[in-house]
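Take a look at the letters that make up each chain.
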Amino acid sequence: MNIGIVCYPTFGGSGVVATELGKALANKGHQIHFITYSRPSRLDFFSENLFYHEVDMRSYPLFDYAPYELALTSKMVNVAKFEKVDLFHVHYAIPHASAAVMARSILASNGIHVPVITTLHGTDITLVGKDPSYEPVVTFSINQSDAVTAVSEDLKKETYKHFAIKNGIEVIPNFIDLDRFQRQKKDHFRRAICPDGEKLIVHTSNFRKVKRIQDVLTVFMGIREKMDAKLLLVGDGPERTHFERHCRDIGGCNDIRFLGKLEAVEEVLSVADLFLMPSEKESFGLAALEAMACQVPVVSSNAGGIPELNLDGFSGYVCPIGDTQMMTEKALHILKDQNLELFKKNALARAKEYDLSQVVPQYEALYEKVVSKPIKEMI
Ligand code: GMT
C-alpha cells in the first residue's frame, strides 16, 4: 500500500510510534510517505520505501501565527495527488486529524478518495484536546475519520467520556522493536556510573509537568537513604532546568545526572536496575515499555493506561499517583538482590507481548478494512 503518515517529528512518544510504524511497514514492502515540518528524529537512514515530504511554511507580515494546519493540509493534498496514496494515517489529533479531514474533502472535490485513520495518543485527548479552545474541532475530526485507534483501553474510555464520539475506536497498543531494545553488555558504562556497585535508577521523559519529576526525585532520595544508588535522568523539557537547580540545592549532584536527549536510550537502559514512571497522565507509557524490553522493572503510578502495561507485582509495581512513600517501598523491594533477577526476567516477558511483529499487523488489517469500506458521507 501507499500510506501517508502525519506526525510530530520530535522525540515525543506519538512521533516515535508513527516513525517506527512507518519503518516497520516499509520493511514489509509498503511505500510510506511521512508528511511533517521536519524530518522525524528516528528517520535518519535511507530506504527505498520511505519518503519524507516537508510541509512548506510561508510566513507573511500579516500573520502573528503562521497557519501550519493549512500548509499541512495543502501538502497532504499535493502528496496524495502526486504519490497516489491509498490512505492517510495521522498521529495525534491536533491538528493532524482536522487537517486530514479537510484534505480528504479537497481531494474528494477532485474525484479522489483518500480515507483517514486517526490515532489518538494521549494528551491530544486528556489534556489539550478537551480544552474548550480545541474541543469542537477534535470532536468533529474524530467523528469524521474513517477509522480511529487509541493506544490503550483507558484512552478509549477517556475519549468517549470527554467528547461526543459516534465513531468506533479500536485499541492498538504501542509496540517495541526487540531487535533494537534489548539488554546490551555495557559493563564499562555501568562501572563508570556505579563504581561501587550502587543500584542504578533511570527515568526518561520530556520533563513536562504531567511526568511529576518531583516524585522521581523524592522516590530516589528515599531509596538512597536505605541503599547506595544513582539516578540518571534522560530527556529534556520545560521542567528540567528547575529540577537541575533543585538537585544542587538538596545536595544530590553526585548521585543524580541529567543526560539530556539521547538517541541511543537503550544503551542507558541496558545498565539500569529500575525505571521510575510516576506520571500524572500517561495513556500508554512507551518509555516504560522500552525499559522493560531492556529487562528493567518499572515502578509506576496508576495513571491512564500504565496498569494495562505494567503488571503489578510482576513486571514491577503500580502505585497511586503521588504516593511516593509506596513507590519507594516497592522500589526497595524490587532492588533487593534476591528479587531483582525475577523482576528483570518478568519485565522482558511482558515487553515481548508488545513486539512489533504482534502489533503492526493490527494496523495493516485496519488499513485493509478502511480502503475497502464505502466512502464516508460528510455529516
Ligand atoms: O509522553 C509524552 O508526553 C509524549 C506523548 C506524545 O504524544 O508524543 O506521548 C503520548 O503518546 C505515547 C505514544 O502513544 C504514549 O506512550 C504516552 O503514554 C503518551 N503520553 C501521555 O499520555 C502523557
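Residues numbered from 1 in each chain as written. Predicted model: local features only at pLDDT ≥ 70, side-chain atom pairs only at ≥ 80, totals over all residues. Heavy atoms only, no water.

Enquirer: Even after reading the chapter, I still don't get the packing of helix H11 (residues 286-293) against helix H14 (residues 337-352), so can you show me in this structure?
Expert: Helix-helix packing is characterised by the crossing angle of the two axes and by the distance between the axes. Where H11 meets H14, the axes come as close as 7 Å, and the angle between the chain directions of the two elements is 120°. By the criterion of interaxial angle, the relationship of H11 to H14 is oblique. The interaxial crossing formed by H11 with H14 has left-handed handedness. Residue-level contacts link Leu289, Met292 and Ala293 of H11 to Ala347, Leu348, Arg350 and Ala351 of H14. Residues of the contact of H11 with H14, tallied by class, amount to six nonpolar, no polar and one charged. (Axes fitted to C-alpha atoms, helices over the stretch in contact; angles between N-to-C directions. Helix = DSSP H or I, 4+ residues; strand = E, 2+ residues; numbered from the N terminus. Parallel < 35°, antiparallel > 145°, perpendicular 65-115°, else oblique. Left-handed = near helix turned anticlockwise from the far one by under 90°. Contact = heavy atoms within 4.5 Å. Nonpolar A, V, L, I, M, F, W, Y, C, P; charged D, E, K, R; others polar.)

Enquirer: Before we go on, may I ask you to explain the packing of aromatic side chains in this structure?
Expert: For the coordinates displayed, the defined rule picks out six aromatic pairs. With centroids separated by 5.5 Å and ring planes inclined at 80°, the aromatic side chains of Tyr8 and Tyr92 adopt a geometry described as edge-to-face. Residue Tyr8 is located in the loop between strand E1 (2-6) and helix H1 (13-27), and its partner Tyr92 is located in the loop between strand E4 (87-91) and helix H3 (93-109); the two are separated by 84 residues in the primary sequence. Between Tyr317 and Phe343, the aromatic rings sit 5.5 Å apart at their centres with planes inclined by 50°, giving tilted as the arrangement. Taken together, the residues span a long stretch of sequence, with Tyr317 in strand E13 (residues 316-319) and Phe343 in helix H14 at a distance of 26 residues. Judged by its relative accessible area of 11%, Tyr317 is buried. Positioned over the ring face of Tyr317 is Lys330, at 4.5 Å from the centre of the ring. (Phe/Tyr/Trp six-rings, centres within 6.5 Å; stacked < 30°, edge-to-face > 60°. Buried < 20%, exposed > 50% of the residue type's maximum accessible area, 1.4 Å probe, protein only. Lys NZ or Arg CZ within 6 Å of the ring centre and 35° of its normal.)

Enquirer: Is there a simple way to explain the site of the ligand in this structure?
Expert: Taken together, 19 residues lie around the ligand, and Ser14, His121, Asn174, Lys211 and Glu282 are the ones closest in. Contacts to the ligand include Phe284, whose backbone N or O atom sits 3.1 Å from an oxygen atom. The separation between an oxygen atom of the ligand and a polar main-chain atom of Gly285 is 2.9 Å. Starting from 480 Å² of accessible surface for the ligand in isolation, the protein chains cover 95%. Tallying contributions element by element places H1 first for the shell around the ligand, with three residues. (Near = heavy atom within 4 Å. Polar contact = N/O pair within 3.5 Å; in protein donor to acceptor, adjacent residues only side chain to side chain. Areas by Shrake-Rupley, 256 points an atom, 1.4 Å probe, with all protein chains shown as cover.)

Enquirer: Explanation requested: the pattern of salt bridges in the structure shown.
Expert: When charged atoms on two side chains of opposite charge get close, those side chains can pair. One pass over the structure, following the stated rule, counts 25 salt bridges. A salt bridge links Asp56 to Lys75; the nearest nitrogen and oxygen atoms lie 3.4 Å apart. Pair noted here: Asp56 is in the loop between strand E3 (50-54) and helix H2 (68-83) and Lys75 is in helix H2, with a separation of 19 residues, a long-range link. Among the residues examined, Asp56 registers a relative accessible area of 43% and is labelled partly exposed. (Salt bridge = Lys/Arg side-chain N within 4 Å of Asp/Glu carboxyl O.)

Enquirer: Honestly, the sheet that holds strand E12 (residues 298-301) in this entry has me stumped. Any pointers?
Expert: Working definition: the strands of a sheet are paired by backbone hydrogen bonds and lie parallel or antiparallel to each other. As summarised here, the arrangement of the six strands in space is E10-E9-E8-E11-E12-E13, forming an open sheet in which the pairing is parallel. The open sheet has two edge strands with one neighbour each: strand E10 (256-260) and E13. Ignoring strand direction, the axes of neighbouring strands in this sheet form an average angle of 20°. Relative to strand E11 (residues 274-277), strand E8 (residues 199-204) is paired through two bridges, and the arrangement is parallel. Of the residues in E11, the one forming a bridge with Val202 is Phe275. Docked against the sheet, H11 engages E8, E11 and E12, running at close to 175° with respect to E11. (Pairing = 2+ DSSP bridges.)

Enquirer: Sorry, what's going on with helix H8 (residues 213-226) here?
Expert: Side chains three or four residues apart in an α-helix point the same way, a direct result of the helix having 3.6 residues per turn. Taking 1.5 Å per residue, 14 residues should reach 20 Å; H8 reaches 21 Å between its end C-alpha atoms and fits that length. Where the residues of H8 are buried, they touch E8, strand E9 (229-234), helix H9 (240-249), E10, E11 and helix H13 (324-335). (Expected span 1.5 Å × (residues − 1).)

Enquirer: Would you explain the domain arrangement of the protein in this entry?
Expert: When the parts of a complex come together, some accessible area is lost, and that lost area is often taken as the interface size. Its domain assignment divides the protein into domain 1 (2-175 + 356-377) and domain 2 (187-352). In this assembly, 20 residues from domain 1 lie in contact with 15 residues from domain 2. Overall, the association of domain 1 and domain 2 removes approximately 1300 Å² of surface from exposure, summing both partners, and the carbon and sulfur fraction of that is 59%. Across the contact surface, domain 1 and domain 2 share one salt bridge. When the shortest N-O distance is used, the salt bridge between Glu290 and Arg42 registers 3.3 Å. Run the count over domain 1 and domain 2 and you get five residue pairs in polar contact (both at pLDDT 80 or more). Elements represented by at least two residues in the side of domain 1 that touches domain 2 include exactly H1, helix H4 (123-126) and helix H6 (153-162). Residues that form the side of domain 1 that touches domain 2 fall into these classes: eight nonpolar, nine polar and three charged. (Domains from an automatic or database assignment. Buried area = accessible area lost by both parts, 1.4 Å probe.)

Enquirer: Would you mind showing me how to read the packing of H3 against helix H5 (residues 135-144) here?
Expert: It is at 9 Å that the axes of H3 and H5 come closest, and there the two elements cross at 55°. Classified by the angle between their axes, H3 and H5 sit oblique to one another. With respect to the hand of their crossing, H3 and H5 are arranged in left-handed fashion. The segment H3 lies against H5, with Ala93, Ile94, Ala97, Ser98, Val101 and Arg104 engaging Val137, Val138, Phe140, Ser141 and Gln144.

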